[in-house]
Amino acid sequence: MTTHVRTQPERRPQPGRRGVLAAGGALALAGSGLLSGCGADTKDGGSSTRFRAAFTSGGSQETLDPHVAPNFVDQARAKALYDTLGTYADDMSVRKRLADAWESDASGARWRIRLREATFHDGKPVTAKDVLYSYRRAADPRTGSPSQVLLSAIDFAASRADGARSVEFVLKSPNFAFPMVFAGPGTEIVPDGTTDFRKPVGSGPFTYVSFTPGGTARYRGWADHWDGAPHIAELEIVPANEESARLNALLSGQVHYGADMAGSSVERLKKDSAVRLLTAKRATAQQLLLRTGRRPFDDPRLIRAVQLGIDREALVRIALAGHGEVGNDLFGLGLDGYPEGLAPRERDVDEARRLVKAAGAQGLHITVETSAVDAAWEPAADLMARQLREVGLKLTANTRASSTYFSEIKTSGVAAFNTSSTLPVSDFLQQRVRGGAARNQTQYVSKKFDALLDRARASRDEQDRLALLARAQKIARDESGLLVWAFSDANDALARTVSGLRAAPPNSHDWARFDRVRIS
């Protein structure tokens, strides 16, 4: 999702991240089907091979509704079953997918999108009506799409299907970066009128076979996909919530792919000749969310005290085992819109202690929400507790279940760990920092910040737009309560027998591109 100014030319996609329970160092997975055989049906795509990928599960509330995609495993399943109008390159510029072309009028408020010829799994063509229905559904706050705030900019009453394969979107205000929406998580195209996703129909490279929420999802390669049939006959995405379970499953040959490896697992994998690592450098922003809408973090002095009280270099060295880079409380390191030339946030214990005292918060107890979703969070919480004790704050961790963590922290607590994978800077700010956005979990509100985002979207000049985004970033850095303490590497691992996948940032096109997999 980047602007039409930075759209890359279309090219054929190349291949391209988070559950299975540990039992005595191995996997207890017969019930999930991981250890059992199920015959391949070679009439639908590829050879008789079956590819298995292990991710952290979202638990019993999981769904195959692509417009509800909070976790990596949801996005991997959505990528298998469905398709989007556009897709992200590694640098977060947009490439074509179901959209064959797009253009705006001079105002930036009216966009015309032409669709390529593509069909759904039931043989029906993908049409403009399907696109309008999908975007209208994802724009509904009740659906819960990650891209809801972006899609709500569309005036659906004025937008229309202009023929079977042409869509005219009318926006409520000018937005020359509108094509960035086309590649966002939660923007997949589903057949017009779809409300039941128990046996879903999409236009992606795999067709649905079976799915158990919190369990295994099975798919079959689809020979009639517009971009060519997958190279494998079957795909299984299996749950493995503990990193050790994913590691053991991979090393024992029970799976071909283990998502989201970190720390000591990475070092072990580097020494094993039967596997290889796919490492996307600094692809994940490690965050501490401080809820500015609740006490005590409605006092900006305490936000500043935490910012100055943590030792980021120690956090990278210990919690990330050195596999990352110090953060500066800004999202999007290396991407367009990231402010350059800012001095790093240095630890200043004396100033942090002074701020705590000025706020009358000496000895204040703060609970931070965490879980095993990310292997770095629990060691980071322990280390932050020791660091913040030096400035007069008492931090304790409340460890929640991985399967319900993200839904629980939406409403619970005053501080929580979070991660965000690579996204365009403008999209991240709109979704996570803009006042009132559904995924703004710090409850930050700033009219000045929001106005800068609006001006950026309405600017025809890309350099002006990026400068406005950088200004907005600087404001959010000091006020929003979103602390980016590090950027961690994204490490996925796969068997040496697998080819066709390359290291790519999560959310980008080539990440989890399992239709390009080959097994030797």
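Each chain carries its own residue numbering, running from 1 in the direction its sequence is written. Restriction of local features to residues with pLDDT of at least 70 applies here, the model being predicted, together with a cutoff of 80 or more for giving and counting side-chain atom pairs; totals for whole chains, interfaces and linings are based on all residues. Each side-chain value is worked out from all heavy atoms of the structure, with water and hydrogens disregarded.

1. With respect to the overall build of the chain
Next up, step 1: To qualify as a helix, a DSSP run of H or I must reach at least 4 residues; to qualify as a strand, a run of E must reach at least 2; elements of each kind are numbered from the N terminus. Within the chain, the secondary structure is distributed over 13 helices and 21 strands.
Next up, step 2: A compact globule built from 520 residues should have a C-alpha radius of gyration of about 24 Å, and the chain, at 23 Å, falls within 12% of that.
Next up, step 3: C-alpha extents for the chain along the principal axes are approximately 70 × 60 × 35 Å.
Next up, step 4: Burial status across the chain gives 60% buried among its 520 residues. Throughout, radius of gyration means the C-alpha value; the globule benchmark is 2.2 Å times the number of residues raised to the power 0.38. Classification of residues uses two cut-offs on accessible area relative to the type maximum, computed with a 1.4 Å probe and protein chains only: under 20% is buried, over 50% is exposed, and between them is partly exposed.

2. Re the sheet that holds strand E7 (residues 110–115)
Next up, step 1: The four strands are arranged E6-E7-E9-E8 in an open sheet whose pairing can be described as antiparallel. Here the strands that pair on one side only, and so sit at the sheet edges, are strand E6 (99–104) and strand E8 (160–161).
Next up, step 2: Pairing of E6 with E7 involves five bridges; the strand directions are antiparallel. Bridging from a neighbouring strand, Ser104 pairs with Trp111 of E7.
Next up, step 3: Contacts are assigned to residue pairs that have any heavy atoms within 4.5 Å of one another. In this description, a line fitted to the C-alpha atoms serves as the axis of each element, helices being fitted only across the stretch in contact, and the angle between N-to-C directions of two axes falls anywhere from 0 to 180 degrees. Each of E7, E8 and strand E9 (166–170) touches helix H2 (residues 128–139); the most contacted strand, E9, lies at about 35° to it. Strand pairing is assigned whenever DSSP identifies at least 2 bridges connecting the two strands.

3. So, the side chain of Ser371
Next up, step 1: Its location among the elements puts Ser371 in strand E16 (residues 364–371).
Next up, step 2: For Ser371, a relative accessible area of 0% puts it in the buried group.
Next up, step 3: Here a polar contact is recorded for every N or O atom pair within 3.5 Å, except that within protein the pair must consist of a potential hydrogen donor and a potential acceptor, and residues adjacent in sequence are included only if both atoms are side-chain atoms. Looking at Ser371, its side chain comes within polar contact range of the main-chain nitrogen of Val373, at 3.0 Å.
Next up, step 4: The contacts of Ser371, once residues within four sequence positions are left out, are Trp377, Glu378, Thr399, Arg400, Ser402 and Tyr405.

4. Here we look at the packing of helix H4 (residues 243–251) against helix H5 (residues 263–270)
Next up, step 1: Running from amino to carboxyl end, H4 crosses H5 at an angle of 15°, the nearest separation of the two axes being 10 Å. Put simply, H4 runs roughly parallel to H5. Crossing geometry of H4 relative to H5 is assigned as right-handed. When H4 is examined against H5, the residues Glu243, Leu247, Asn248, Leu250 and Leu251 are found in contact with a partner set consisting of Ser265, Arg268 and Leu269. In this scheme, roughly parallel covers angles under 35 degrees and roughly antiparallel covers those over 145, while 65 to 115 is roughly perpendicular and the rest are oblique. By the definition used in this description, the sense in which the near helix is turned from the far one sets the handedness, with an anticlockwise turn below a right angle giving left-handed and a clockwise turn giving right-handed.

5. Some points on the packing of aromatic side chains
Next up, step 1: For Phe, Tyr and Trp, where Trp contributes only its six-membered ring, two rings pair if their centres lie within 6.5 Å, and the inter-plane angle classes them as stacked under 30 degrees, edge-to-face over 60, or tilted in between. For the structure shown, the criterion picks out 18 aromatic pairs.
Next up, step 2: Ring plane angle 55° and centroid distance 6.4 Å describe the contact between Phe51 and Tyr257, whose orientation is recorded as tilted. Here Phe51 is found in strand E3 (residues 50–55), whereas its partner Tyr257 is found in strand E13 (residues 257–261), with 206 residues between them in sequence. Taken individually, Phe51 and Tyr257 each receive the classification buried, so the pair is uniform in this respect.
Next up, step 3: Between the aromatic rings of Tyr257 and Phe514, the centroid separation amounts to 5.0 Å while the plane-to-plane angle is 80°, which identifies the pairing as edge-to-face. Taken as a pair, Tyr257 in strand E13 and Phe514 in the loop between strand E20 (498–499) and strand E21 (518–519) lie far apart in primary sequence, 257 residues in all. The residues Tyr257 and Phe514 share a single accessibility class, namely buried.
Next up, step 4: Aromatic ring contacts, followed pair by pair, group Phe51, Phe55, Phe72, Tyr257, Trp511 and Phe514 into a single cluster.
Next up, step 5: A cation over an aromatic ring shows up here: Arg116 above the ring of Trp226, its NZ or CZ 4.0 Å from the ring centre. To sit over a ring, a charge needs its Lys NZ or Arg CZ within 6 Å of the ring centre and within 35 degrees of the ring normal.

6. Some details on the packing of helix H11 (residues 425–432) against helix H13 (residues 462–479)
In helix packing, the relevant descriptors are the interaxial angle and the interaxial distance, both defined with respect to the helix axes.
Next up, step 1: In contact at an axis separation of 10 Å, H11 and H13 are set at 45° when each is read in the N-to-C sense. By the angle between their directions, the pair H11 and H13 is classed as oblique. Seen from above, H11 lies across H13 with left-handed handedness. Residues Val425, Ser426 and Leu429 of H11 form the contact with H13, whose own contacting residues are Leu469, Ala472 and Gln473.
Next up, step 2: Residues are grouped as follows: Ala, Val, Leu, Ile, Met, Phe, Trp, Tyr, Cys and Pro are nonpolar; Asp, Glu, Lys and Arg are charged; every other residue, Gly included, is polar. Broken down by class, the residue content of the contact of H11 with H13 amounts to four nonpolar, two polar and no charged.

7. A few points about the side chain of Ser166
Next up, step 1: On the secondary structure map, Ser166 appears in strand E9.
Next up, step 2: Excluding residues that lie within four positions of it along the chain, Ser166 makes contacts with Arg112, Ile113, Ala128, Arg160 and Ala161.

8. A closer look at the nonpolar core
Next up, step 1: Note on terminology: a nonpolar core comprises buried Ala, Val, Leu, Ile, Met, Phe, Trp, Tyr and Cys residues joined through side-chain atoms within 4.5 Å. The biggest cluster of nonpolar side chains holds 42 residues, and the ones touching the most others in it are Leu288, Leu290, Phe297, Val306, Met384, Phe417 and Trp485.
Next up, step 2: The biggest single contributor to this core is helix H9 (residues 377–389), with seven residues.
Next up, step 3: Each residue touching Leu288, except ones within four places of it in the same chain, is listed here: Val306, Val368, Met384, Ala416, Phe417, Gly481, Leu482, Leu483 and Trp485.
Next up, step 4: One finds Ala80, Tyr82, Phe197 and Ala504 within the second-largest nonpolar core, a separate group that totals 33 residues.

9. So, the pattern of salt bridges
Next up, step 1: By definition, a salt bridge exists where a carboxyl oxygen of Asp or Glu is found within 4 Å of a side-chain nitrogen of Lys or Arg. With the rule as written, the count across this model stands at 36 salt bridges.
Next up, step 2: Between Asp90 and Arg502 there is a salt bridge, and its shortest N-O distance comes to 3.0 Å. A residue pair is termed long-range when its members are at least 10 positions apart, and Asp90 in the loop between strand E4 (86–88) and strand E5 (94–96) and Arg502 in the loop between E20 and E21 qualify at 412 residues.
Next up, step 3: In this structure, Arg312 engages Asp329 in a salt bridge whose closest nitrogen and oxygen atoms are separated by 2.9 Å. Here Arg312, found in helix H7 (residues 312–318), pairs with Asp329, found in the loop between strand E15 (324–326) and helix H8 (349–358); they are 17 residues apart in sequence, far enough to count as distant.
Next up, step 4: A single network of salt bridges, built from pairs that share partners, joins Arg50, Arg52, Arg218, Glu234 and Glu236.

10. Points about the environment of Arg386
Next up, step 1: Its place among the elements puts Arg386 in helix H9.
Next up, step 2: The partly exposed category is assigned to Arg386, whose relative accessible area is 45%.
Next up, step 3: Distance in space between the C-alpha atoms of Arg386 and Ile310 is 9.1 Å, their sequence separation being 76 residues.

11. Re the pairing of strand E18 (residues 415–421)
Next up, step 1: The buried fraction of E18 amounts to seven of the seven residues, a majority that puts the element mostly inside the structure.
Next up, step 2: Of the two faces of E18, both are covered, the one formed by Ala415, Phe417, Thr419 and Ser421 as well as the one formed by Ala416, Asn418 and Ser420.
Next up, step 3: Relative to E18, strand E14 (residues 275–290) runs antiparallel, the two being bridged by seven bridges. Among the inter-strand pairings, Thr284 is bridged to a residue of E18, identified as Ser421.

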